[in-house]
Protein chains: 2
Amino acid sequence: MAKFLIADDHPLFREALQGALANHFSELTLREAEDLDSTLSALNNDDDVDLLLLDLHMPGSGDLYGLIRVREDYPLLPVAIISGSEDSSIVAKCIGFGALGFIPKSLPSAEIAEAIDTILQGDTWVPKENRERLDVISDEDQQLAQKVSELTPQQYRVLHFLHEGLLNKQIAYQLGITEATVKAHITAIFRKLGVYSRTQAVLVAERLQL
Amino acid sequence: MAKFLIADDHPLFREALQGALANHFSELTLREAEDLDSTLSALNNDDDVDLLLLDLHMPGSGDLYGLIRVREDYPLLPVAIISGSEDSSIVAKCIGFGALGFIPKSLPSAEIAEAIDTILQGDTWVPKENRERLDVISDEDQQLAQKVSELTPQQYRVLHFLHEGLLNKQIAYQLGITEATVKAHITAIFRKLGVYSRTQAVLVAERLQL
DNA sequence: AACACTATTAGACCATAGTCTAGATTGATA
DNA sequence: TATCAATCTAGACTATGGTCTAATAGTGTT
């Protein structure tokens, strides 16, 4: 009796995936989440999830942050990344940051099920094309990722906008908070990342391709 | 009667390269330069140089800036990059930014001469290992490179330190000028790159891997 | 030599970034 | 319910960043 959590902001895709899985796994329980917050709280309520199917591009998730955060909070949970893109460097990053699999959305459902079988057995599965260059993540990048995982979701959002080159005033407008609050978050980000200027914080984000 | 310009800050290497070339090219005239400034003035004085052998890591050159600058000022001059490293992405960037060849310093002298022959005929030459993935540089990156080439050497140095995450005060100390002057340079850099904050300038530098 | 042009320099001034302190809210726990 | 911890919020204050103006020095041109 397996239990999966599907985290994807696209309801139609969740439905399609659900259908594909139902044909291949009998006795399957599915939970759903549509953003990072609901994913984390779903994991918090259900402590017996066997596999997380995590979309990279979710609201509040910002590419790698969702994965980094989940891996930090639930290191034992197998995670398969579901993604529209299949860029080699992204695939490598995901595996490097602890995902057991990387499943492109374009895959036929039979192959998706096959990939999930592999992952449930504890093995790594990535598309054939990406199997060659799975660069190892450096120790330094691992440490940086660990620091990034300590950021709160709101702080992560602020870092994301920092990385876009926005001014504090613009970030405040985007998030609907005052500039003073943005500054407070930025100070907290500096502390957690171990830097002392916005430029350096941006360089950390750039390095992890957040 | 060929005329080459060797631009490398290592006198011993210039000498070794000179020796290797003398065996393969009769009637060879050699000019030497040890930093970016002397390279540019040498090119300015000698308008009949047939080939520039350019080291990537030279004082005042900061990896790709030297190449970008030379290509902007002398678009018709064949340039072969000489480098200690042979990282694939760097090779691709160099070729993308208009170098005709990329010659690792570790190459035996016979192969260096062979590579130079190829380049003099107007063909591209890179190490065997790097021949597969010569990613094309995007139009946007080309435009950015064109903008970076408009920076003066001093402005480029400032951008380099910006990219290291230094404060204006620290940059001023490094360059032996006042903070006010650093700020003036930074404003000029913003204008030329078409950005309006140091964060965005840093992101441009990061994107071009300067 | 006189000229225009550009890089470099810097001071005065204003805008933005960043720190410190602290109240309000939420969630888990006893 | 009471309480602790963490997050989010923001105001007051200081440091740093960025613009404008302008002087100086070098470069090439006529």
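Remember, predicted model here, so these are calculated numbers, not experimental data. (Residues numbered from 1 in each chain as written. Chains lettered and ligands numbered in written order. Predicted model: local features only at pLDDT ≥ 70, side-chain atom pairs only at ≥ 80, totals over all residues. Heavy atoms only, no water.)

Undergrad: Just checking my understanding: could you explain the domain arrangement of chain A for this structure?
TA: Accessible area lost on assembly of the parts is the figure often given for the size of an interface. All names here are of chain A. If you check the domain split of chain A, you get domain 1 (2-130) and domain 2 (139-207). Taking the mean C-alpha position of each, domain 1 and domain 2 sit 26 Å from one another. Domain 1 puts 11 residues into the contact, and the matching count from domain 2 is 12 residues. The largest per-residue losses of area from domain 1 upon contact with domain 2 belong to Tyr65, Ile68 and Glu72, which jointly make up 45% of the total buried on that side. (Domains from an automatic or database assignment. Contact = heavy atoms within 4.5 Å. Buried area = accessible area lost by both parts, 1.4 Å probe.)

Undergrad: I keep staring at the packing of helix H7 (residues 153-163) of chain A against helix H8 (residues 168-175) of chain A and nothing clicks. Help me out?
TA: Working note: a packed helix pair is described by the angle between its axes plus the distance between those axes. Residues and elements named next belong to chain A. One can describe the packing of H7 onto H8 by two numbers: an axis separation of 10 Å at closest approach and a directional angle of 130°. With respect to their mutual orientation, H7 and H8 come out oblique. As for how H7 packs across H8, the hand of that crossing is right-handed. Together, Gln154, Arg157, Val158, Phe161 and Leu162 of H7 and Ile171, Gln174 and Leu175 of H8 make up the contact between the two elements. Classifying every residue of the contact of H7 with H8 gives five nonpolar, two polar and one charged. (Axes fitted to C-alpha atoms, helices over the stretch in contact; angles between N-to-C directions. Helix = DSSP H or I, 4+ residues; strand = E, 2+ residues; numbered from the N terminus. Parallel < 35°, antiparallel > 145°, perpendicular 65-115°, else oblique. Left-handed = near helix turned anticlockwise from the far one by under 90°. Nonpolar A, V, L, I, M, F, W, Y, C, P; charged D, E, K, R; others polar.)

Undergrad: Even after reading the chapter, I still don't get the protein's contact with DNA strand C, so can you show me in this structure?
TA: Close to DNA strand C lie 19 residues; Lys183 and Thr187 of chain A together with Thr152, Thr178 and Thr181 of chain B are nearest. At 2.9 Å, a side-chain N or O of Lys183 of chain A approaches a base oxygen of DNA strand C. Here Thr181 of chain B contributes a side-chain N or O atom positioned 2.5 Å from a phosphate oxygen of DNA strand C. Of all elements in the fold, only H8 and helix H9 (179-193) of chain A together with helix H9 (179-193) of chain B reach the threshold of two or more residues within the surface near DNA strand C. The element that contributes the greatest number of residues to the surface near DNA strand C is H9 of chain A, accounting for five residues. Its residues placed into classes, the surface near DNA strand C shows six nonpolar, nine polar and four charged. (Near = heavy atom within 4 Å. Polar contact = N/O pair within 3.5 Å; in protein donor to acceptor, adjacent residues only side chain to side chain.)

Undergrad: I'm lost on the interface of chain A and chain B in this one. Help?
TA: Listed as interface residues are 15 residues of chain A and, on the opposing side, 15 residues of chain B. Here chain A and chain B share an interface that buries about 1100 Å² over both sides, 60% of which is from carbon and sulfur atoms. Across the chain A-chain B interface, the total number found is zero salt bridges. Run the count over chain A and chain B and you get four residue pairs in polar contact (both at pLDDT 80 or more). Elements that contribute at least two residues to the side of chain A that touches chain B include exactly H7 and helix H10 (198-207) of chain A. When residues in the side of chain A that touches chain B are grouped by element, the largest group, six residues, is from H10 of chain A. In terms of residue class, the side of chain A that touches chain B is made up of five nonpolar, six polar and four charged. (Salt bridge = Lys/Arg side-chain N within 4 Å of Asp/Glu carboxyl O.)

Undergrad: Help me understand the protein's contact with DNA strand D, please; the structure alone is not making it clear to me.
TA: Near DNA strand D there are 18 residues, and of these Thr152, Thr178 and Thr181 of chain A together with Lys183 and Thr187 of chain B occur at the shortest range. Within 4 Å of the protein, the contacting atoms of DNA strand D are drawn from sugar and phosphate to the extent of 64%. One of the backbone N or O atoms of Thr178 of chain A is found 2.8 Å from a phosphate oxygen in DNA strand D. The separation between a phosphate oxygen of DNA strand D and a polar side-chain atom of His185 of chain A is 3.3 Å. Only H9 of chain A together with helix H8 (168-175) and H9 of chain B provide two or more residues apiece to the surface near DNA strand D. Across the surface near DNA strand D, the residue classes tally to six nonpolar, eight polar and four charged.

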